[in-house]
Amino acid sequence: MIKAERHQRILARMQEAASVTVKDLAKAFATSPITIRRDLIELGERGLLERTHGGAIATHEVFAEGSARYEMYNYGERNHQQSQEKAAIAECAAQFISDGDNILINAGTTAQALAQALRGHQDLHVITNGLTVASTLGQGVRTSVYVLAGRLDERKQATIEHPGVEGFSHLQVREAFLGVHAISTEGIYMRDSEDANMNRAFMDAARQVTVLADHTKFQAFASFLIGGWARVHRLVTDELADQEVLQAIREQGVDVVVVEGF
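Here is a short report on the structure shown in this document. These figures come from a predicted structure and were not determined experimentally. (Residues numbered from 1 in each chain as written. Predicted model: local features only at pLDDT ≥ 70, side-chain atom pairs only at ≥ 80, totals over all residues. Heavy atoms only, no water.)

1. Section: the sheet that holds strand β15 (residues 255-259)
Line of reasoning, step 1. Strand order in the open sheet formed by 7 strands is β6-β5-β4-β9-β12-β14-β15, and the pairing between neighbours is parallel. Two strands close off the open sheet at either side, each with one partner strand: β6 (144-147) and β15. Averaged over neighbouring strand pairs, the angle between their axes works out to 20° when direction is ignored.
Line of reasoning, step 2. Bridging between strand β4 (residues 102-105) and strand β9 (residues 173-179) involves 3 bridges; their strand directions are parallel. Across the sheet, residue Ile-103 finds its bridge partner in β9, namely Glu-175.
Line of reasoning, step 3. Helix-sheet contacts for helix α5 (residues 83-94) involve β9, β12 (206-212), β14 (234-238) and β15, and the interaxial angle to β14 is about 145°. (Pairing = 2+ DSSP bridges. Helix = DSSP H or I, 4+ residues; strand = E, 2+ residues; numbered from the N terminus. Axes fitted to C-alpha atoms, helices over the stretch in contact; angles between N-to-C directions. Contact = heavy atoms within 4.5 Å.)

Pasting the structure below:
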């Protein structure tokens, strides 16, 4: 396991339990206590934990790091964060979509950026749970937009908890384009189980899956796995993304596309 991955998983554990021990982490990650101590020192220098005898406790900053910042900002504020990166990623992803395509786009600010990048496309059939995605695409010419029913999540401007989320057997699309809360070498994650379940169903409904994620998602941590990289065809990200993690993802057969000069 590479260092960036260990750091991410240590912080994820601390979000759940608030404290960790060197002994438990060394056993869980199959590495030496010395390595774990070095990890805790580095994370402590970043202000994300406070070292204790035999382990560490979480600081307030750990809950404001990465995807946990999601709780601190409303949708409009999040839409302005990493806006250049999101726009560049969206423009790149739009090149993989042809006129007449039948696709699925999930909810979120990166997904909304993709919707904006698709305004010049024709005859698209788009399924989404994102209200801003639907509104943006609805302004296009000859685009059919289908919004999935469910409970409104105001934080994400999305519908969740669809009653048929377990299967979505009635849905089939050529490709799903998914924005996510966090990325690791193991797969893609969401902050809560409802969102993860919804996006897992989206993956099952698609022949191919493209993940859209700016570099901050590589520094973020979230608890609920949507799926491993074996289920993902392509990752589109920016040039500031962690290169070690990107290489580990490439080695799992994923087409990694990196946008530059945004």
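2. What about the pattern of salt bridges?
Line of reasoning, step 1. In total, this model carries 8 salt bridges according to the counting rule given.
Line of reasoning, step 2. Where Arg-174 meets Asp-101, a salt bridge forms, and the shortest distance between an N and an O atom there is 2.9 Å. Taken together, the positions of Arg-174 in strand β9 and Asp-101 in the loop between α5 and β4 put the pair 73 residues apart, joining distant regions of the chain.
Line of reasoning, step 3. By relative accessible area, Asp-101 is classed as buried at 11%.
Line of reasoning, step 4. Arg-151 serves as the salt-bridge partner of Glu-194, at 2.8 Å between the closest nitrogen and oxygen. You can see Glu-194 sitting in helix α8 (residues 193-205) and its partner Arg-151 sitting in strand β7 (residues 151-153), a full 43 residues away along the chain.
Line of reasoning, step 5. Residue classification places Arg-151 among the partly exposed positions, given a relative accessible area of 40%.
Line of reasoning, step 6. Put simply, Asp-101, Arg-174, Glu-175, Arg-234 and Asp-255 are held in one network by salt bridges that share partners. (Salt bridge = Lys/Arg side-chain N within 4 Å of Asp/Glu carboxyl O. Buried < 20%, exposed > 50% of the residue type's maximum accessible area, 1.4 Å probe, protein only.)

3. Observations regarding the environment of Met-14
Line of reasoning, step 1. Locating Met-14 in the fold gives a position in helix α1 (residues 3-17).
Line of reasoning, step 2. For Met-14, a relative accessible area of 0% gives the class buried.
Line of reasoning, step 3. The spacing of Met-14 and Leu-49 is 35 residues in sequence and 8.7 Å in space, taken between C-alpha atoms.

4. Quick word on the sheet that holds strand β3 (residues 55-58)
Line of reasoning, step 1. Taken together, 3 strands build an open sheet; the order of strands is β1-β3-β2 and the sheet is antiparallel. Since the sheet does not close on itself, it has two edges, and those belong to β1 (19-21) and β2 (49-52), each with one partner. Looking at each pair of strands side by side, their axes are set apart by 20° on average, direction ignored.
Line of reasoning, step 2. Pairing geometry for β1 and β3, over 3 bridges, is antiparallel.

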